[in-house]
Amino acid sequence: MKQVITLTIFLLTFSAFAQKPCEYSTNINDSIGSYKVTNEYLVSEKNFGGTSNYVFFSLAQTDGQPSLNVQLIQKSKGFIKANCFDKNSKIFLQLQNGKIVTLLQINQENCGTLIRDDKGFDNRVNSGIFMFMKDNYEELKKSPVTIMRIKYLTDTEDYIVKRELTSEMDGKVYHPDTYFMENIRCVEN
């Protein structure tokens, strides 16, 4: 009987710590090169005073080079300020272990696109691609993220990265703090 209980506990522990398979929205490998992108993942959601702000991450690998795709979506019936990405834009990730990881935006200026929906809301969608730096890339595998700072062309915005986020948008539960720990392996060789 002890063996059955021990085996059951072992199997439950093993399945609890097993890595889930990587899911890709794009996975291309041809004579030109390779490109794969993980599914988008909600890392921040703010709803206040009729305005909604969402931050989504997806990891990409282009010919062996990993990067972070960031998509910002703002929704409001009022004025939406444009936060632009430029060559000096950066993302700073403060980890639980006290280290700070910096990601650099590729040299591409982008202020997003403003779209009006049928309910009278203005929606601004802005995307940026950020590159990992070799000296701190490994730190993302070891420790959860606690704070994220995005430096735009003319502004800086801070986000508290939650351990668990239940989205008002889709009702799903997300774990933004361990996003890199769980997914960065999906874009490694």
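Here, every reference points to the structure presented above.
Presented here is a report on the structure given in the accompanying data block. For every chain, the first residue of the written sequence is number 1, and numbering continues from 1 along that sequence. Given that the model is predicted, a residue must reach a pLDDT of at least 70 before its local features are reported, and side-chain atom pairs must reach 80 or more before they are shown or counted; all residues, however, enter totals for whole chains, interfaces and linings. Only hydrogens and water are set aside; all other atoms, that is, all heavy atoms of the structure, feed into the side-chain values.

### A few points about empty space enclosed by the protein
Points on a 1 Å grid, built from protein atoms alone, make a cavity when a 1.4 Å probe fits but cannot get out and make a pocket when they are open with protein on both sides within 12 Å along at least 5 of 7 lines; residues with an atom within 4 Å of a point are the lining residues. Grid points are joined across faces, edges and corners, and a volume is the space filled by probe spheres set on the points. Evaluation of the coordinates by the stated rule reveals one cavity of 30 Å³ or more. Considering only enclosed or pocket space, the largest cavity measures out at about 40 Å³ in volume. Residue lining of the largest cavity: V43, F57, L93, V145, M148, V161, P176 and F180, and that is the complete set. For the lining of the largest cavity, a count of residues per class yields eight nonpolar, no polar and no charged. In the scheme used here, Gly and all other residues not listed as nonpolar or charged are polar, with Ala, Val, Leu, Ile, Met, Phe, Trp, Tyr, Cys and Pro taken as nonpolar and Asp, Glu, Lys and Arg as charged.

### Overview of the nonpolar core
Each nonpolar core is a collection of buried residues, namely Ala, Val, Leu, Ile, Met, Phe, Trp, Tyr and Cys, held together in the definition by side-chain atoms within 4.5 Å. For each residue, the accessible area found with a 1.4 Å probe, counting protein chains only, is set against the maximum for its type, and the residue is called buried under 20%, exposed over 50%, and partly exposed in between. Ranked by size, the top nonpolar core spans 33 residues in total, and within it F57, L68, I91, L93, F132, M148 and F180 carry the most contacts. Broken down by secondary-structure element, the contributors of at least two residues to this core are β3 (41-48), β4 (51-62), β5 (65-76), β6 (90-95), β7 (100-105), β9 (122-132), β10 (145-151) and α2 (179-183). The way it works is that DSSP assigns letters per residue, a run of H or I at least four long becomes a helix, a run of E at least two long becomes a strand, and they are numbered from the N terminus. With five residues, the single largest contributor to this core is β4. In contact with I91, other than residues within four places in its own chain, are L68, V70, V101, T102, L103, F130, M148, R149 and I150. The contact definition used throughout considers only heavy atoms, calling two residues in contact when any of these lie within 4.5 Å.

### Focus on the state of the cysteines
By definition, a disulfide links two cysteine residues through a covalent bond between their sulfur atoms. Two cysteine sulfurs form a disulfide in these notes if their separation is within 2.5 Å. This structure, assessed with the given rule, holds two disulfides. Through a disulfide, C22 is tied to C186; the S-S separation comes to 2.0 Å. Disulfide C22 to C186: torsion about the S-S bond roughly -85°, handedness left-handed. Linking C22 in the loop between α1 (2-17) and β1 (24-29) with C186 in the segment after α2, this pair joins segments that are 164 residues apart in sequence. For C186, a relative accessible area of 3% translates into the label buried. With its bonded cysteines labelled in order along the sequence, the chain shows the pairing 1-4, 2-3.

### Section: the pattern of salt bridges
Just to be clear on terms, a salt bridge is a Lys or Arg side-chain nitrogen sitting within 4 Å of an Asp or Glu carboxyl oxygen. For the structure shown, the criterion picks out 10 salt bridges. In this structure, the salt-bridge partner of K75 is D117, at a minimum N-O distance of 3.9 Å. Taken together, the residues span a long stretch of sequence, with K75 in strand β5 and D117 in the loop between β8 (113-116) and β9 at a distance of 42 residues. Note on K75: relative accessible area 28%, which makes it partly exposed. Notably, a salt bridge pairs E188 with K141, separated by 2.5 Å at the nearest N-O pair. Taken together, the residues span a long stretch of sequence, with E188 in the segment after α2 and K141 in the loop between β9 and β10 at a distance of 47 residues. What makes E188 partly exposed here is its relative accessible area of 25%.

### Quick look at the side chain of E45
Note that E45 resides in strand β3. Counted as a polar contact is a pair of N or O atoms within 3.5 Å, where, for protein atoms, one must be capable of donating a hydrogen and the other of accepting one, and residues adjacent in sequence contribute only when both atoms are in side chains. Among the polar contacts listed, one links the side chain of E45 to the backbone nitrogen of E168, at a separation of 2.8 Å. In terms of polar contacts, E45 uses its side chain to reach the backbone amide nitrogen of M169, at 3.3 Å.

### Some thoughts on the pairing of strand β2 (residues 34-38)
Looking at chain direction, β1 and β2 are connected through five bridges and run antiparallel. Paired with N27 across the bridge in β2 is K36. Following DSSP output, two strands are said to pair if at least two bridges run between them. Between β1 and the antiparallel strand that follows it, β2, lie four residues; G33 among them carries a positive phi value of about 160°. Pairing of β2 with β4 involves three bridges; the strand directions are antiparallel. In the sheet register, V37 faces β4, and the bridge partner there is A60.

### Points about the environment of G120
Topologically, G120 is positioned in the loop between β8 and β9. For G120, a relative accessible area of 26% corresponds to the partly exposed category. Separated by 44 residues in the primary sequence, G120 and S76 place their C-alpha atoms 8.7 Å from one another.

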